[in-house]
Amino acid sequence: MIAQPLDFSSKFSEFFEPALLAELVEKSMVMEVKSGDVMLNIGQTIRAVPLLASGAIKVSRINDEGQELLLYYVKEGESCAMTFNCCMLAQTSVIKGTAEEDSVLVCIPVNLMEHWMVKYPSWKKYVMTTMLCRFTEMVKSIDEVAFKKMDERLINYLKEKSKISGSSVLNLTHQQIGDELGTNRVVISRLLKKLENDKKLIIYNKQIKLLKDL
């Protein structure tokens, strides 16, 4: 945790009314995390509600064999619906949250969440909108696993990674991709090679450059 060195209120001014913004600045704490840091693990008690001021967070599930499945990304100005649910029901976390890139989190004490739901209409709207959006994204993830071929899932995954990073060059290994898509490295390597042959991307050592035809 660090003291608040910046005015993050502008990041949320489009969502919250002035009184809530003032209380957010007064009562929250700011946390900086580095790319790859795990902020929240399955079974962990949630002590603060995180809002993302900058960066990106990967939210995933882990099965009994230790395999990880990507659920969705939390981007700037957003929050994680699963933490809302766990806070309101006083449950431990059922997801893993990992920094996709260097990020800044605004952490709100759990006890303020229900109070703000009654006090501030903009907070209630933000929470409900977040839950709806995240639910829609999880349904999309389930649909991809159940109905889409792995090559389609891979293309969607690469495009989303590029959108989040703001770059067409992705620092990814084939093993990392396989882990997040719930398949093995050999399958990913074969599909990437086909996409490269089709001039959709270029494969480098631990990097992939997406081309405009992808």
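Thresholds applied
Residues numbered from 1 in each chain as written. Predicted model: local features only at pLDDT ≥ 70, side-chain atom pairs only at ≥ 80, totals over all residues. Heavy atoms only, no water. Buried < 20%, exposed > 50% of the residue type's maximum accessible area, 1.4 Å probe, protein only. Helix = DSSP H or I, 4+ residues; strand = E, 2+ residues; numbered from the N terminus. Arc of directions from axis to C-beta. Contact = heavy atoms within 4.5 Å. Pairing = 2+ DSSP bridges. Axes fitted to C-alpha atoms, helices over the stretch in contact; angles between N-to-C directions. Disulfide = S-S within 2.5 Å. Parallel < 35°, antiparallel > 145°, perpendicular 65-115°, else oblique. Nonpolar A, V, L, I, M, F, W, Y, C, P; charged D, E, K, R; others polar.

## Observations regarding helix 3 (residues 111-119)
Every α-helix carries 3.6 residues per turn, so stepping three or four residues along brings you back to the same face. Along helix 3, the positions that sit buried rather than exposed are Leu112, Met113, Trp116 and Met117. Projected down its long axis, helix 3 carries its buried residues within an arc of 140°, all on one side. What points out from helix 3, more than 90 degrees from its buried face, is the exposed set Asn111, Glu114 and Val118. Considering only its buried residues, helix 3 is in contact with helix 1 (18-27), strand 3 (48-54), helix 2 (81-89), strand 7 (103-109) and helix 4 (121-147).

## Notes on the sheet that holds strand 5 (residues 68-75)
Within the open sheet, the four strands sit side by side as 2-6-4-5. Their pairing is antiparallel. Strands at the two margins of the open sheet, each flanked by one partner only, are strand 2 (38-40) and strand 5. Direction aside, neighbouring strands of the sheet carry axes that sit 30° apart on average. When strand 4 (residues 56-62) meets strand 6 (residues 96-99), the two strands line up antiparallel, connected through four bridges.

## Topic: the environment of Leu170
Within the secondary structure layout, Leu170 lies in strand 8 (residues 169-170). Along the primary structure Leu170 and Tyr204 are separated by 34 residues, whereas in three dimensions their C-alpha atoms are 9.9 Å apart. Each residue touching Leu170, except ones within four places of it in the same chain, is listed here: Leu158, Lys161, Ser162, Ser165, Lys206, Gln207, Ile208 and Leu210.

## Let's talk about helix 2
Every buried residue of helix 2 is accounted for by Ala81, Met82, Thr83, Phe84, Cys86 and Cys87. The elements touched by buried residues of helix 2 are strand 2, strand 3, strand 5, helix 3 and helix 4. Ala90 sits one or two positions beyond helix 2 and adopts a positive phi of about 55°.

## Remarks on the state of the cysteines
What the rule picks out here adds up to zero disulfides. Just so you know, Cys133 is unpaired, no disulfide at all, and the nearest cysteine sulfur is the one on Cys80, 13 Å from it.

## What to know about the environment of Pro121
Inspection of the secondary structure assignment puts Pro121 in helix 4. When the C-alpha positions of Pro121 and Leu20 are compared, they lie 9.6 Å apart, and in sequence the two are 101 residues distant.

## Overview of unusual backbone geometry
Although it is not a glycine, Lys199 sits at a positive phi angle of roughly 60°. Mapped onto the elements of the fold, Lys199 is located in the loop between helix 7 (185-197) and strand 9 (201-204). Exposure remark for Lys199: the relative accessible area of 59% places this residue in the exposed category. Backbone geometry at Lys206 places phi at a positive 60°, although glycine is not the residue there.

## Remarks on the packing of helix 5 (residues 150-165) against helix 7
Packing of helix 5 against helix 7 leaves a shortest axis separation of 10 Å and a crossing angle of 75°. Looking at the two axes, helix 5 sits roughly perpendicular to helix 7. Facing helix 5, whose interface residues are Met150, Asp151, Leu154, Ile155 and Leu158, helix 7 presents Val187, Ile188, Leu191, Leu192 and Leu195. Considering only residue class, the contact of helix 5 with helix 7 consists of nine nonpolar, no polar and one charged.

Any link to function would need more than the numbers given here.
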